[in-house]
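# Analysis of the macromolecular model
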Amino acid sequence: MIDLKSLRADPEQFRAALGRKRYGSEDLDQVLAADASVRRLKAELEELRAARNAASRRIPRTTGKEKAEVLADMKRVAIRLKEAEPDLRQQEEELRLALLRIPNPPHGDVPDGVGDDANVVLRKVGEPRRTSFDLLDHLDLGEARGWIDVKRAARSSGSRFAYLMGELVELELALVRFAMDRVIAAGFKPVVPPIVVREAAMYGTGFFPADRNEIYKIEDEDAYLVGTSEVSLAALHMEETLPESDLPVRYAGFSTCLRKEAGTYGKDTRGIFRVHQFDKVEMFSFCKPAASHDEHLLILEVEEGILSSLEIPYQVVHVCTGDLGAPAARKYDLEAWMPGQAAFREVTSCSNCTDYQARRLGARFRGKDGTALLHTLNGTAVAIGRTIIALIENHQQEDRSVRIPTDLRPYLGGRQQL
RNA sequence: GGAGGGGUGGCCGAGUGGUUGAAGGCAGUGGUCUUGAAAACCACCGUGCGCAAGCACCGCAGGUUCGAAUCCUGUCCCCUCCGCCA
């Protein structure tokens, strides 16, 4: 959520910034109008309440005629309050809903653009391998090795599901443990969070209302399945005020992620690149506002370290305004080279959400000069499906075995290949 | 799932429908005293909105009333017992 006071002070700045995010200004206009009318009505009601409070203090000490008069006056005040309060509630609700729709303005240095084609490559690390034989893509290789079964998954569960089997499961567990060790070393506390959350957590993180169509809901309950543990990690400190001395607070969540992938029909349909269910180790930080950019770079560094250790060629991308999503002010993606697609594709991502989620969540810290909103950041340590694709495509050998990168071998009992 | 009990400030804990934003204690901050510390004593000590006056907040949301922490309804959470269960 954006800061209403700042919006009021300088609406044009917000209009321009959100325009860069390809966001129209109708909601801004609605917020400004609703805000003005809420403030007007609120002033009137607060005056009435002040009069009532004053009378309330007097009533017990008055008697007879005077008391009757005050009671009659207050009766009228009560009637006016009773008729106006629902109006105020409704106006405040309209204001709140409009405010919740407004995305976080992008940071000034974020490249302009509509879609991911406008993202800016900051650097490339590693070289795609040249081979004397043809590389199979992850699905052909996975099926040949008995590692991936999407056909039976379609029968049991629908499209965009997969059975991961055999050594690929060992690889998943190794990747999880490997990534966990890395993030623990960077100061993140491991967490296995709930993957079911209330609606409030979805609103708090900014997934609602913007991405509601992406989220699975449990029927007849206030219960939603997270598309990333970011949601439950962020919600860990909702409505809390953390002591400044605890900051930064860093968590690494390991969880299954569930996404409806609505509106992606026909896109990335092959294999396990885009599926409804995958496991992920996710970093999440709560920090002081002044520290959030450094924290962002730290998360990026951890992500790059992991991909480097896995010996996967990648590029770092500065995500453009149109591709940021609602909560992020700045975002970097890591795109791994995927020989099967002959393209760099997103495997991890890290965002600085500034105070946008914190304001919605009510996540603050207490410093010397009182309380203030925290900044929140998130980043992928390892997203299993896509990392597996990158690993088995980049490291496959002519005999269809897969070389295990050195740094990962300790997590696979010292094996050098699968 | 069934039957009970309970949610008050950082913590513990009072609270009769009316100067209660809320007694008291602990913790914390500042001070007096002390060579220093402890103890003792004094003062301060919740959050949000607002320039301010002020308004709101006793899990949350409604309701009754001139007036609600206090009465009513719903809801969330916690505890105990029974059932079920990895």
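Residues numbered from 1 in each chain as written. Chains lettered and ligands numbered in written order. Predicted model: local features only at pLDDT ≥ 70, side-chain atom pairs only at ≥ 80, totals over all residues. Heavy atoms only, no water.

### Some words on the pairing of strand S13 (residues 343–352)
- Of all the 10 residues making up S13, eight are buried; the element is thus mostly covered by neighbouring parts of the structure.
- Note that strand S12 (residues 330–338) and S13 share nine bridges and pair antiparallel. Looking at the pairing, Leu334 lines up with Thr348 of S13. (Buried < 20%, exposed > 50% of the residue type's maximum accessible area, 1.4 Å probe, protein only. Helix = DSSP H or I, 4+ residues; strand = E, 2+ residues; numbered from the N terminus. Pairing = 2+ DSSP bridges.)

### A look at the side chain of Arg360
- Along the chain, the position of Arg360 falls in helix H11 (residues 356–361).
- For Arg360, the side chain forms a polar contact with the side chain of Tyr356, separated by 3.0 Å.
- Arg360 has contacts with Met1, Leu100, Arg101, Ile102, Tyr203, Gly204, Gly206, Phe208 and Pro209, leaving out every residue within four places of it along the chain. (Polar contact = N/O pair within 3.5 Å; in protein donor to acceptor, adjacent residues only side chain to side chain. Contact = heavy atoms within 4.5 Å.)

### Brief notes about the protein's contact with RNA strand B
- Close contacts around RNA strand B come from 19 residues, with Lys5, Asn53, Pro60, Lys75 and Thr371 the closest.
- With respect to RNA strand B, the side chain of Arg198 contributes an N or O atom lying 3.0 Å from a phosphate oxygen.
- Here the surface near RNA strand B is composed, by residue class, of six nonpolar, three polar and 10 charged. (Near = heavy atom within 4 Å. Nonpolar A, V, L, I, M, F, W, Y, C, P; charged D, E, K, R; others polar.)

### Topic: the packing of helix H2 (residues 11–20) against helix H3 (residues 26–58)
- One way to put it is that H2 packs onto H3 with a least axis distance of 10 Å and a crossing angle of 155°. In terms of axis orientation, H2 runs roughly antiparallel to H3. The hand of the H2/H3 crossing is right-handed. Contacts between H2 and H3 involve Pro11, Phe14, Arg15 and Leu18 from the first element and Leu28, Asp29 and Leu32 from the second.
- For the contact of H2 with H3, the residue count by class is five nonpolar, no polar and two charged. (Axes fitted to C-alpha atoms, helices over the stretch in contact; angles between N-to-C directions. Parallel < 35°, antiparallel > 145°, perpendicular 65-115°, else oblique. Left-handed = near helix turned anticlockwise from the far one by under 90°.)

### Overview of the confidence of the model for chain A
- On average, residues of chain A carry a pLDDT of 92, and 100% of them reach 70 or more.
- Note on the complex model: pTM 0.93, ipTM 0.84. (pLDDT = per-residue confidence, 0-100.)

### Remarks on the sheet that holds strand S15 (residues 370–373)
- Here three strands make up an open sheet; going across it, the order is S8-S14-S15 and the pairing mixed. Of all strands in the sheet, those with a lone pairing partner are strand S8 (241–243) and S15, marking the two edges. For this sheet, the mean inter-axis angle between neighbouring strands, taken without regard to orientation, is 35°.

### Remarks on the sheet that holds S12
- Strand order in the open sheet made by the eight strands is S1-S11-S12-S13-S16-S10-S9-S4, with mixed pairing throughout. Where the open sheet ends on each side, the last strands, each with one partner, are strand S1 (120–125) and strand S4 (189–191). Across the sheet, the mean angle separating the axes of adjacent strands is 25° when strand polarity is ignored.
- Looking at chain direction, strand S11 (residues 314–318) and S12 are connected through five bridges and run antiparallel. Note on S12: the bridge partner recorded for His318 is Tyr332.

### Comments concerning the packing of helix H7 (residues 167–185) against helix H12 (residues 384–394)
- Their axes nearest at 11 Å, the elements H7 and H12 cross at an angle of 110°. By the angle class used here, H7 and H12 are roughly perpendicular. Judged by the sense of rotation from one axis to the other, the crossing of H7 with H12 is right-handed. Along the contact surface, H7 presents Leu168, Leu171, Glu172, Leu175 and Val176, while H12 presents Ile384, Thr387, Ile388, Leu391 and Ile392.
- Taken together, the residues that form the contact of H7 with H12 break down as eight nonpolar, one polar and one charged.

### What about helix H4 (residues 64–101)?
- Between its first and last C-alpha atoms H4 spans 55 Å; for 38 residues at 1.5 Å apiece the expected length is 56 Å, and the two agree.
- Within H4, the axis deviates most sharply at Ala84, by approximately 30°, and proline Pro86 lies no more than four positions further along.
- When we look at burial in H4, the residues that qualify are Val70, Met74, Val77, Leu81, Ala84, Leu88, Leu95, Ala98, Leu99 and Leu100.
- In this structure, the buried side of H4 is in contact with helix H1 (4–9), H3, helix H8 (199–205) and H11. (Expected span 1.5 Å × (residues − 1). Bend = angle between axes of the 7 residues up to and from the residue.)

### Concerning H7
- End to end, H7 covers 27 Å across 19 residues, agreeing with the expected 27 Å (1.5 Å per residue, within 8%).
- Three or more residues of H7 are buried, namely Leu168, Leu171, Glu172, Ala174, Leu175, Val176, Phe178, Ala179, Met180 and Val183.
- Just downstream of H7 lies Gly187, where phi reads positive at about 100°.

### Some words on the packing of aromatic side chains
- Summed over the entire model, instances satisfying the criterion amount to six aromatic pairs.
- Here Phe178 and Tyr411 contribute two aromatic rings whose centre-to-centre distance is 5.7 Å and whose plane-to-plane angle is 75°, an arrangement assigned as edge-to-face. In this pair, Phe178 is assigned in helix H7 and Tyr411 in the segment after H12, connecting sequence segments 233 residues apart.
- Given the relative accessible area of 2%, Phe178 is considered buried.
- Assessed through its relative accessible area of 26%, Tyr411 is described here as partly exposed.
- Between the aromatic rings of Trp337 and Phe344, the centroid separation amounts to 5.1 Å while the plane-to-plane angle is 65°, which identifies the pairing as edge-to-face.
- Judged by its relative accessible area of 18%, Trp337 falls in the buried class. (Phe/Tyr/Trp six-rings, centres within 6.5 Å; stacked < 30°, edge-to-face > 60°.)

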